[in-house]
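Chain by chain, the residues:
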Amino acid sequence: MFEVQNQPPPLEPYNLFASDAVLGEAVQREGAGWAKGELTALGATLGKPETIRLGFDANRFPPQLRTLDRYGHRRDEVEFHPAWHELLTIALADGLHSSPWADPKPGAHVARAAGTYMLGQIESGVYCPIAMTYGSVPTLRHAPALASEWLPRIFSRDYDRNFRPVKQKTSALLGMGMTENQGGSDLRTNTTQAKPAGDGSFRLHGHKWFMSAPMCDAFLVLAQSPKGLSCFLMPRWTPDGERNAIQILRLKDKLGNRSNASSEVEFHGAYAQLVGEEGRGIATIIEMGNYTRLDCCIGSSSLMRQAVAQAVHHARYRTAFQKKLIDQPLMTNVLADLALESEAAAVLTMRLARAYDEDSEAAQVMRRVVTPAAKFWICKRTPFVTYEAMEVLGGSGYIEESIMPRLYREAPVNSIWEGSGNIMCLDVLRAIERTPNAVDVLRHELGDGKDVRLKDATTRLEKWLAAHDRNDESQARALVRDLILVLQAALLTRHAPSAVSEAFCASRLNAEDGSAFGMLPRGVDFRAIADRAAPRN
Ligand SMILES: Cc1cc2nc3c(=O)[nH]c(=O)nc-3n(C[C@H](O)[C@H](O)[C@H](O)COP(=O)(O)OP(=O)(O)OC[C@H]3O[C@@H](n4cnc5c(N)ncnc54)[C@H](O)[C@@H]3O)c2cc1C
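Residues numbered from 1 in each chain as written. Predicted model: local features only at pLDDT ≥ 70, side-chain atom pairs only at ≥ 80, totals over all residues. Heavy atoms only, no water.

K.L.:
How do you make sense of the overall build of the protein chain when you look at a structure like this?
P.N.:
Helix and strand counts for the protein chain stand at 19 helices and eleven strands. Computed over C-alpha atoms, the radius of gyration of the protein chain comes to 23 Å, within 12% of the 24 Å expected from 2.2 N^0.38 for 537 residues, which places it in the range of a compact globule. Counting only C-alpha atoms and orienting by the principal axes, one finds that the protein chain spans roughly 75 × 70 × 40 Å. For the protein chain, with 537 residues in total, the buried portion stands at 58%. Restricting to contacts in the protein chain with at least 6 residues of sequence separation, those with at least 24 account for 73%. In the structure as shown, the protein chain presents an accessible area of about 22,000 Å², 52% of it carried by carbon and sulfur atoms. Seen as two clouds, the 62 positive and the 63 negative side-chain charges of the protein chain have centres 1 Å apart. (Helix = DSSP H or I, 4+ residues; strand = E, 2+ residues; numbered from the N terminus. Rg over C-alpha atoms; globule rule 2.2 N^0.38 Å. Buried < 20%, exposed > 50% of the residue type's maximum accessible area, 1.4 Å probe, protein only. Contact = heavy atoms within 4.5 Å. Areas by Shrake-Rupley, 256 points an atom, 1.4 Å probe, with all protein chains shown as cover. Lys, Arg positive; Asp, Glu negative; His and termini not counted. Charge placed at Lys NZ, Arg CZ, Asp CG, Glu CD.)

If you want it as structure tokens, here you go:
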């Protein structure tokens, strides 16, 4: 057998928290310094070879639908590889599904964001039920009786994989069913019917074209009731201990996100209870949407971080043409450019998470306006980053044993679900229009940075926001991109080393051509930026 040479050691074991300078600084800055001990412990758990292996196994052995039992009775169950359950056990033990609600305190959403940012790097599929459960809490609280029944189990950190009525379980996870075959963006087209059952509950007839994580214990579902589109809680089991009339037709054969099950379902008189005011279903469930959109920002930032960490790690060890890749000037430029994108996403995401910890008017504007804007831009950048980072590993990056193909396949999904790119940009226009003081608050957030390029870009953005045609839908993507780039530049100028903020302002604020990474201009300290992104324990 020939000798294996010039291959880097695997990036394991490593501590995802302790080795990530950008994350550590952000956690401290955004008010969750108290969580560093827990986050360091979680970072160590997630970076163990055996945990990393769970992520691979959960994707290599995707979930299987069992529609009927051997005698033909309906089962409507999905079976997962044990790795899926082990990953959920880790996530729940750390409270990633509900800790800011179960134990509210300043910085709680930031601490939880840092935890999910690390989880998503090791396995993104389990993030789906974690995000939906987290997002469901404010919506569920619109129905106090249901909340008092369900929240104690939603707050539990003791993951219970059993498929049985929730009263017999230690914990509960929640999903959501909004999208129907005829339209997911325009939810008013929902056709599922909800009929009052006479005892305060409803029976639902209809379908959902996408309903992910169907083994969740209950779902927030939209359906047309006598007073219009309303929000319901639909458990997998009825209060009588019967399987609810939710038929899982099939599981989607997805590009990525393969460890997670996404189903098509039909409701044949399924038991459900009203949440919030009847006829105000979209307003009720949209609260959940804001949190799950924050999670899309976290999830995509986390994919970028893992891709960049793997790329820089590889380049530090692999030699070509007598030099380490990281010492080859053109590669250093590529790595620095990738690291910039990842850091800008992480810094903005963690800043946004802090807005969910605060109650000020400024925080409300950040939540309402910046959440969809950040979701649009961060999610749009992720496929490019994962693709370019894959190439840093050369041919090995294209091979499943590296994590890169999985990251690449996962990359587009956060942009599609929870409101696709265009819908996010139109939402930003609407939010700016309807939120009092939105422009003033944004102006304050941008600050008066000293960098001349940032000043110019901020002035251009302010003019645009003040213009009579700012609501021109055809230009909404460009406006939202500019808003986020200026915001990211302002945050980096304030908080990152000057090598990072300099390079970001030089490359992102006046960019003529952003079509590929590795075109940072001369004068940038490429090596300092790449080194900062290196995952070092
Ligand atoms: C893996 C996966 C899991 C999912 N899980 C769930 C789930 O658990 N629960 C759930 O409810 N849904 C789920 N979804 C569905 C997802 O939320 C929808 O696919 C998404 O909201 C888009 O809806 P649609 O597919 O009907 O596309 P459409 O609404 O038909 O939109 C198609 C395109 O048109 C654009 N568009 C729409 N209106 C406008 C406009 N006015 N101007 C400009 N462009 C416009 C959209 O941005 C989009 O790009 C999941 C999707 C995926 C891929």
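Moving on from the coordinates now.
K.L.:
Teacher, can you tell me more about the pattern of salt bridges here?
P.N.:
A side chain of one charge can pair with a side chain of the opposite charge when the charged atoms of the two come close. All chains considered together, the criterion is met by 37 salt bridges. When the shortest N-O distance is used, the salt bridge between Arg 75 and Glu 79 registers 3.2 Å. Residue Glu 79 is classed as partly exposed on the basis of its relative accessible area, which comes to 33%. (Salt bridge = Lys/Arg side-chain N within 4 Å of Asp/Glu carboxyl O.)

K.L.:
How should the side chain of Asp 160 be read in this particular structure?
P.N.:
Mapped onto the elements of the fold, Asp 160 is located in the loop between α8 (144–154) and β3 (174–177). Buried Asp 160, no salt bridge; nearest opposite-charge side chain is Arg 164, N-O distance 4.3 Å. Sequence-distant contacts of Asp 160, defined by excluding residues within four places in its chain, comprise Gln 168, Lys 169, Thr 170 and Ser 171.

K.L.:
How should the site of the ligand be read in this particular structure?
P.N.:
In the region of the ligand, 20 residues are neighbours, and Met 178, Thr 179, Gly 184, Ser 185 and Ser 212 sit closest. In this structure, Ser 212 approaches the ligand through a main-chain N or O atom, which is 2.8 Å from an oxygen atom. Alone, the ligand offers 980 Å² of accessible surface; in the complex the protein occludes 67% of this. Counting residues per element, the ones that place at least two in the shell around the ligand are β3, β5 (202–212), α13 (413–416) and α14 (421–434). Tallied by class, residues from the shell around the ligand come to nine nonpolar, nine polar and two charged. (Near = heavy atom within 4 Å. Polar contact = N/O pair within 3.5 Å; in protein donor to acceptor, adjacent residues only side chain to side chain. Nonpolar A, V, L, I, M, F, W, Y, C, P; charged D, E, K, R; others polar.)

K.L.:
Would you take a moment to explain the packing of helix α7 (residues 127–140) against α8 for this structure?
P.N.:
Helices that pack against each other are described as a pair by the angle of their axes relative to one another and the distance between those axes. Close contact between α7 and α8 brings their axes to 11 Å; oriented N to C, the two are set at 160°. Judged by the inter-axis angle, α7 sits roughly antiparallel to α8. The hand of the α7/α8 crossing is left-handed. Residues Thr 133, Ser 136, Val 137 and Leu 140 of α7 pack against Leu 146, Ala 147, Trp 150, Leu 151 and Ile 154 of α8. Residue composition of the contact of α7 with α8, by class: seven nonpolar, two polar and no charged. (Axes fitted to C-alpha atoms, helices over the stretch in contact; angles between N-to-C directions. Parallel < 35°, antiparallel > 145°, perpendicular 65-115°, else oblique. Left-handed = near helix turned anticlockwise from the far one by under 90°.)

K.L.:
So what exactly am I meant to see when it comes to the layout of surface pockets here?
P.N.:
In this approach, a probe sized like a water molecule rolls over the atoms, and the result shows the empty space that is left. Approximately 810 Å³ is the volume found for the second largest pocket. Looking at the lining of the second largest pocket, the elements with two or more residues in it are α3 (49–60), α6 (108–122), α9 (281–317) and α12 (404–410). The greatest single-element share of the lining of the second largest pocket, amounting to six residues, is contributed by α3. Taken together, the residues that form the lining of the second largest pocket break down as 13 nonpolar, nine polar and seven charged. (1 Å grid on protein atoms, 1.4 Å probe; cavity = no way out; pocket = protein on both sides within 12 Å on 5 of 7 lines; lining within 4 Å. Points joined across faces, edges and corners; volume = space filled by probe spheres on them.)

K.L.:
Teacher, can you tell me more about helix α15 (residues 438–446) here?
P.N.:
One turn of the α-helix equals 3.6 residues, which is why residues spaced by three or four share an orientation. Buried residues of α15: Ala 438, Val 439, Val 441, Leu 442, Glu 445 and Leu 446, and no others. Down the axis, α15 shows its buried residues gathered within 160° of arc, on one side only. Buried residues belonging to α15 abut α10 (329–355), α11 (361–392), α14, α16 (452–466) and α17 (476–495). Immediately downstream of α15, the backbone of Gly 447 shows phi near 70°, a positive value. (Arc of directions from axis to C-beta.)

K.L.:
Mind showing me how you'd approach the pairing of strand β6 (residues 218–225) here?
P.N.:
A regular strand places its side chains so that they alternate between the two faces of the sheet. Within β6, eight of the eight residues are buried, which leaves the element mostly enclosed by the surrounding structure. Side chains of β6 alternate between two faces, with Ala 218, Leu 220, Leu 222 and Gln 224 and Phe 219, Val 221, Ala 223 and Ser 225 buried alike. Sheet topology places β3 next to β6; four bridges connect them, and they run parallel. Residue pairing across strands places Met 176 opposite Leu 220, the latter belonging to β6. The sheet contact formed by β6 and strand β7 (residues 228–235) spans eight bridges and is antiparallel. (Pairing = 2+ DSSP bridges.)

K.L.:
Looking at this structure, how should I read α3?
P.N.:
With twelve residues, α3 extends 16 Å from end C-alpha to end C-alpha; this agrees with the ideal 16 Å at 1.5 Å per step. Within α3, burial applies to Thr 51, Ile 52, Leu 54, Gly 55, Phe 56, Asp 57, Ala 58 and Asn 59. (Expected span 1.5 Å × (residues − 1).)

K.L.:
What is the right way to read the packing of aromatic side chains from this model?
P.N.:
Aromatic ring pairs: the centre-centre distance and the angle between the two ring planes describe each pair. The final tally for this structure, using the stated rule, is ten aromatic pairs. Plain terms: the ring middles of Tyr 134 and Tyr 291 are 5.5 Å apart, the flat faces sit at 90° to each other, and that makes the pair edge-to-face. Remark: Tyr 291 occurs in helix α9 and Tyr 134 occurs in helix α7; sequence separation between them is 157 residues. As far as burial versus exposure is concerned, Tyr 134 and Tyr 291 are alike and both buried. Measuring from centroid to centroid gives 5.0 Å for Tyr 291 and Tyr 356, while their planes differ by 65°, and the two rings are edge-to-face. With a gap of 65 residues between them, Tyr 291 in helix α9 and Tyr 356 in the loop between α10 and α11 connect regions that are remote in the sequence. Of the two residues examined, Tyr 291 and Tyr 356, each falls in the buried class. A network of ring pairs unites the aromatic residues Trp 101, Tyr 134, Tyr 291 and Tyr 356 as a single cluster. A cation over a ring is seen here: Lys 252 above Trp 209, with NZ or CZ 3.4 Å from the ring centre. (Phe/Tyr/Trp six-rings, centres within 6.5 Å; stacked < 30°, edge-to-face > 60°. Lys NZ or Arg CZ within 6 Å of the ring centre and 35° of its normal.)

K.L.:
Can you walk me through the side chain of Glu 410 in this structure?
P.N.:
Locating Glu 410 in the fold gives a position in helix α12. Buried and without a salt bridge, Glu 410 has Arg 406 as its closest oppositely charged side chain, separated by 7.3 Å. Ignoring anything within four residues of it in the chain, the contact list for Glu 410 reads Ser 124, Gly 256, Asn 257 and Leu 303.

K.L.:
In this structure, what is going on with the environment of Gly 447? I would like to understand it.
P.N.:
With respect to the element layout, Gly 447 can be found in the loop between α15 and α16. Between the alpha carbons of Gly 447 and Leu 487 there is a distance of 9.3 Å; along the sequence they are 40 residues apart.

K.L.:
Looking at this model, I keep getting lost on the packing of helix α18 (residues 498–508) against helix α19 (residues 526–533). Mind explaining?
P.N.:
Their axes nearest at 9 Å, the elements α18 and α19 cross at an angle of 115°. Put simply, α18 runs roughly perpendicular to α19. α18 and α19 meet at a crossing whose hand is left-handed. In this structure, α18 contributes Ala 499, Val 500 and Ala 503 to the contact, and α19 contributes Ala 528, Ile 529 and Arg 532.

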